[in-house]
Amino acid sequence: MIGQLHPIDGELHQGQPAVRATLFAMAIPMRRRQCGGWAWWLSTFGVVLSCAPGVDEAGSSETDVPTLSIERVRWQLGDDPSWAQPALDDAAWPTADLLDLVGQDGIFWLRTPVQLGPRHADAAVPLGVRVSALASCDLFWDGAPLPGEGRPGPDRDREQAGPIDLLVHLPHARAQEGLHVLAARCSTHHRQIELAGSFQTLAVGFYGAMLQAPLAYAGLAMASLTAKFVAAAFFLSLFVIGRRDRATLDLGLLSLATAGLLIAEAWRPLFGYPYGWHVPRLLLILGLAWLSNALLVRFVFDRFPARGRRGLGIAAAVASMAVLLVEPSFDGRVALFFLLGLGLAFGWCIGALVRAAPDSGLATAGVGLCFVGFAASPFRFLDQGVFLAFDAMLMLLLIAQAAQVRRERDALEAARLRATRLQLELVKKSIQPHFLMNTLTALAEWFERQPERATEGLEALAAEIRLLGALADHRTVPLARELELCHAHLAVMGLRRDCAYQLDAADLDTTAPCPPGIIHTLVENAVTHGPSPDGGSADTPIRVSLTSTLHEGQRRYRLTSPLRAPADPPRDAETSGTGFRYVRARLAEAFGEQFTFQAGPKDDRWIAEWSIPAS
Amino acid sequence: MRIVIVEDERMIAERLRRLVTEIVGDRLESLTLLDRFSLAREHLATHPIDLLFLDLDLYGRDGFGLLEEALASSFATIVVSAHHDQALRAFELGVTDFVPKPFGRDRLAKSLARLETREPALRKQLQNLAVRTRRGIDLVPVARVRYLQGADDYTALHLVGGQRRLHPKSLRALETLLPSPFTRVHRSFIVNLARVRSLESHGGGKHRIILDDGTDVPVSRARIAALRQDLRMDDS
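Residues numbered from 1 in each chain as written. Chains lettered and ligands numbered in written order. Predicted model: local features only at pLDDT ≥ 70, side-chain atom pairs only at ≥ 80, totals over all residues. Heavy atoms only, no water.

A. Region of interest: the environment of Gln404 of chain A. Residues and elements named next belong to chain A. Here Gln404 shows up in helix 9 (residues 378–431). Judged by relative accessible area, which is 14%, Gln404 ranks as buried. In this structure, the C-alpha to C-alpha distance between Gln404 and Asp359, residues 45 residues apart in sequence, is 7.6 Å. (Helix = DSSP H or I, 4+ residues; strand = E, 2+ residues; numbered from the N terminus. Buried < 20%, exposed > 50% of the residue type's maximum accessible area, 1.4 Å probe, protein only.)

B. A look at unusual backbone geometry. Cis rather than trans, the peptide bond between Lys101 of chain B and Pro102 of chain B has omega equal to -5 degrees. Summarising the element assignment, Pro102 of chain B is placed in the loop between strand 7 (97–100) and helix 5 (105–117). One non-glycine residue with positive phi stands out, namely Asp498 of chain A, at about 50 degrees. Positive phi, normally seen in glycine, also occurs at Glu552 of chain A, with a value near 45 degrees. If you trace the backbone, Glu552 of chain A turns up in the loop between strand 15 (542–551) and strand 16 (554–562).

C. Just the pattern of salt bridges, in detail. A full pass over the atoms with the stated rule returns 46 salt bridges over all chains. When the shortest N-O distance is used, the salt bridge between Glu14 of chain B and Arg449 of chain A registers 3.7 Å. Placement of Glu14 of chain B in helix 1 (residues 10–24) and of Arg449 of chain A in helix 10 (residues 433–449) is noted, with the two residues assigned to different chains. The exposure class of Glu14 of chain B is partly exposed, given its relative accessible area of 21%. (Salt bridge = Lys/Arg side-chain N within 4 Å of Asp/Glu carboxyl O.)

D. Fine view of the sheet that holds strand 17 (residues 596–602) of chain A. All names here are of chain A. Taken in spatial order, the five strands make up an open sheet running 13-15-16-18-17, and their pairing is mixed. Looking at strand neighbours, the two that pair on one side only are strand 13 (501–504) and strand 17, the edges of this open sheet. If you compare each strand with its neighbour and ignore which way they point, the axes differ by 15 degrees on average. Two strands pair when backbone bridges link them, and strand 16 and strand 18 (residues 605–613) are joined in this way by nine bridges, in the antiparallel orientation. Along strand 18, the bridge assignment pairs Ser561 with Trp606. Along the sheet face, helix 13 (residues 518–529) touches strand 13, strand 15, strand 16, strand 17 and strand 18 and points at about 170 degrees away from the line of strand 18. Packed onto the sheet, helix 15 (residues 577–591) meets strand 17 and strand 18 and runs at close to 155 degrees relative to strand 17. (Pairing = 2+ DSSP bridges. Axes fitted to C-alpha atoms, helices over the stretch in contact; angles between N-to-C directions. Contact = heavy atoms within 4.5 Å.)

E. A look at helix 15 of chain A. Residue and element names in this part refer to chain A. Here helix 15 contains 15 residues, and its C-alpha end-to-end distance of 21 Å stays within 8% of the 21 Å for a straight helix at 1.5 Å per residue. Counting buried positions along helix 15 gives 11 out of 15 residues, so the element sits mostly inside the fold. Burial in helix 15 covers these residues: Gly577, Gly579, Phe580, Tyr582, Val583, Ala585, Arg586, Leu587, Glu589, Ala590 and Phe591. At the exit of helix 15 stands Gly592, carrying a positive phi of roughly 60 degrees. (Expected span 1.5 Å × (residues − 1).)

F. Main features of the sheet that holds strand 11 (residues 155–159) of chain B. Residues and elements named next belong to chain B. With antiparallel pairing, five strands are arranged side by side in an open sheet as 12-11-10-14-13. Here the strands that pair on one side only, and so sit at the sheet edges, are strand 12 (164–167) and strand 13 (182–186). Recorded for the sheet is a direction-independent mean angle of 25 degrees between the axes of neighbouring strands. Where strand 10 (residues 145–150) meets strand 11, five bridges bridge the pair, whose relative direction is antiparallel. Each bridged residue has a counterpart across the sheet, and for Val145 the counterpart in strand 11 is Leu159.

The values reported here are purely geometric and, on their own, carry no functional implication.
What follows is the structure in structure tokens.
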């Protein structure tokens with residue numbers, strides 16, 4: 001039976017993007033075959049969504065030489081040199097689809113007739129034979145051997161593994177118009193695992209097109225590779241020189257992972273390799289595809305934090321495991337990883353967009369571009385568009401990161417300005433007339449009544465002024481120092497009001513960082529809002545208590561104090577506004593946006609609560 | 001003498017109480033300490049007093065609202081404050097004195113002595129007179145006052161434009177506060193010299209001042225010489 005001859009897509013000859021042509025020629029046939037149910041569904045989904053036709057049947061161009069892609073062959077296990085002869089009657093040999101041929105444990109032969117037309121016989125058009133297979137092959141044209149690499153053998157030791165892609169020149173003298181026979185003597189002892197098929201392509205066509213197409217793809221791939229390395233260098237150096245947030249690291253690693261994926265993908269057309277390396281390369285591609293998508297998801301989670309990250313992350317990990325178990329083909333798995341990763345990232349970005357998170361528009365556009373490209377035609381996208389789309393996405397994310405850096409820098413500059421004002425504000429507290437003059441007046445009274453108490457008061461005042469000056473220009477100070485300041489202040493206030501204040505602050509980590517003056521300000525506030533002096537004596541002091549708890553990486557503080565009788569409540573805006581602004585500004589200076597602060601009356605207590613990162 | 005001290009700092013209030021008690025001695029009829037804005041307002045509304053010591057910063061609140069209310073009353077007000085920069089504003093509103101914190105016995109004694117002897121305030125910087133109206137407290141710029149006419153327990157302020165306002169302070173108390181263009185011309189009248197058009201003699205030693213709106217105000221015989229001098233000086 002004569003094998004059917006089909007011109008492959010024709011794209012090779014039409015000046016169409018070479019990337020598309022090459023990858024299609026090299027990979028698609030096997031992929032379509034190898035994909036399981038999921039992948040088939042994806043593919044169908046893609047075809048439905050895609051408006052662009054996948055195959056162009058027209059075959060004329062400048063060379064007008066159809067590539068003859070062999071789909072069915074006759075084959076026979078065994079080894080006989082006469083099987084190369086065109087006259088051999090091979091009618092008894094079984095026929096098979098080329099893509100269905102699997103590896104064998106001994107030498108086997110393939111035979112197929114090839115009908116060359118008048119264009120093939122044109123001397124100006126050098127012809128070639130291309131074999132892409134996980135096999136070592138000796139090729140014979142009308143019984144005469146063609147040059148090649150690799151050598152089939154009866155066992156692994158005697159087989160010399162051939163290249164994954166073999167392209168040999170067919171001399172013009174032997175390529176006359178008419179019927180010819182192409183035979184291949186093959187062995188597959190270097191295969192590691194049994195794939196769905198060992199043969200991807202067996203074709204006869206214009207040598208130049210078959211030679212150039214992979215290199216054109218490689219050129220584009222290298223341009224994309226450069227972009228990815230630049231992006232990786234940018235994000236990673238940004239991370240190293242100080243912007244130590246996970247989103248930036250994620251982007252750096254994502255750029256590296258996609259660069260790795262690109263190299264792994266491009267290695268075959270660029271450098272080739274013995275077919276024994278094909279499966280390790282597929283495993284590497286699978287791993288890098290998973291890593292790229294995992295990093296993309298982690299980036300959007302880190303960049304636009306919201307509830308449910310942990311649950312979705314675990315679900316995605318479980319789904320990844322399920323993909324490995326359920327989907328048998330490499331390409332199907334890669335496609336499903338992309339579906340999972342891009343889908344989850346895109347959904348998360350839309351959520352951020354709905355919440356009006358800064359830069360979520362850019363991220364949604366970037367991730368959305370990839371997702372829509374993928375959804376429109378999953379396998380074409382993975383073969384042809386993924387790297388360029390990822391470049392576009394990385395560029396948009398880079399702009400988003402730059403916008404964030406700019407915003408943070410502006411905020412930092414504003415914070416620095418505020419910090420200077422804050423320092424001044426804290427130092428001014430000690431010479432504020434209301435504080436200093438009232439204290440001095442009260443001390444004058446104590447000097448005339450009980451000089452020893454006046455001396456105590458002077459010492460406390462001196463300690464408070466000294467500490468205010470010493471702590472002011474620090475961004476944070478150990479909690480112990482801040483508490484020392486508070487104790488000094490309460491001692492001064494106790495003397496001024498002839499009552500006793502007590503700060504309960506046991507069981508606290510006194511080495512924890514605290515922006516200077518914030519607890520002092522809140523304690524001042526507690527005294528102002530607190531009960532009139534009749535409420536506290538040495539036996540029953542007015543108690544201000546500070547507690548701290550750890551919760552989800554945050555250290556929460558709570559300052560509680562009794563509230564004055566509601567007869568004459570102070571106006572918050574007037575009494576607390578400035579103080580709270582100071583507290584917020586100091587917390588922002590020390591911890592950026594990673595803090596919370598609130599204060600107000602609750603029942604008969606005044607409660608101030610704030611949380612800061614625990615480490 | 002009936003005195004109220006409004007001060008939220010307990011030791012300072014105690015200090016004021018101790019020193020005032022010592023200085024005023026037997027003449028002290030009552031002395032009340034209050035530490036809250038609301039308590040002070042209630043107390044002043046129901047208890048006639050002679051003197052108020054007022055801290056301008058009560059629990060962090062601006063005491064000027066209370067000060068304006070106090071100054072629209074009959075009693076004298078002495079501000080005791082840590083905010084020395086508020087002195088000018090307080091004097092412009094018509095406080096009798098401004099005692100900066102920290103203070104000693106001597107400073108307080110001087111302030112009380114000035115009040116007792118009715119000697120003019122050291123800094124006659126009064127710019128506005130606080131006047132109670134149905135809407136609340138109005139600050140009337142002293143430049144708008146043509147002349148003041150004393151009645152028994154209050155003083156009528158005659159303003160540019162023909163309006164009249166009543167002030168609960170006595171003419172004598174206001175005299176100690178009003179700045180220099182205001183001159184006592186009669187037992188019952190103080191005139192703003194800046195508003196005088198002419199001085200007319202009516203024979204028999206009787207004189208009248210004609211103001212810029214045509215109003216005439218009697219001048220007592222005892223004060224005519226001093227007035228003539230003031231007007232000349234004013235002209236020069």
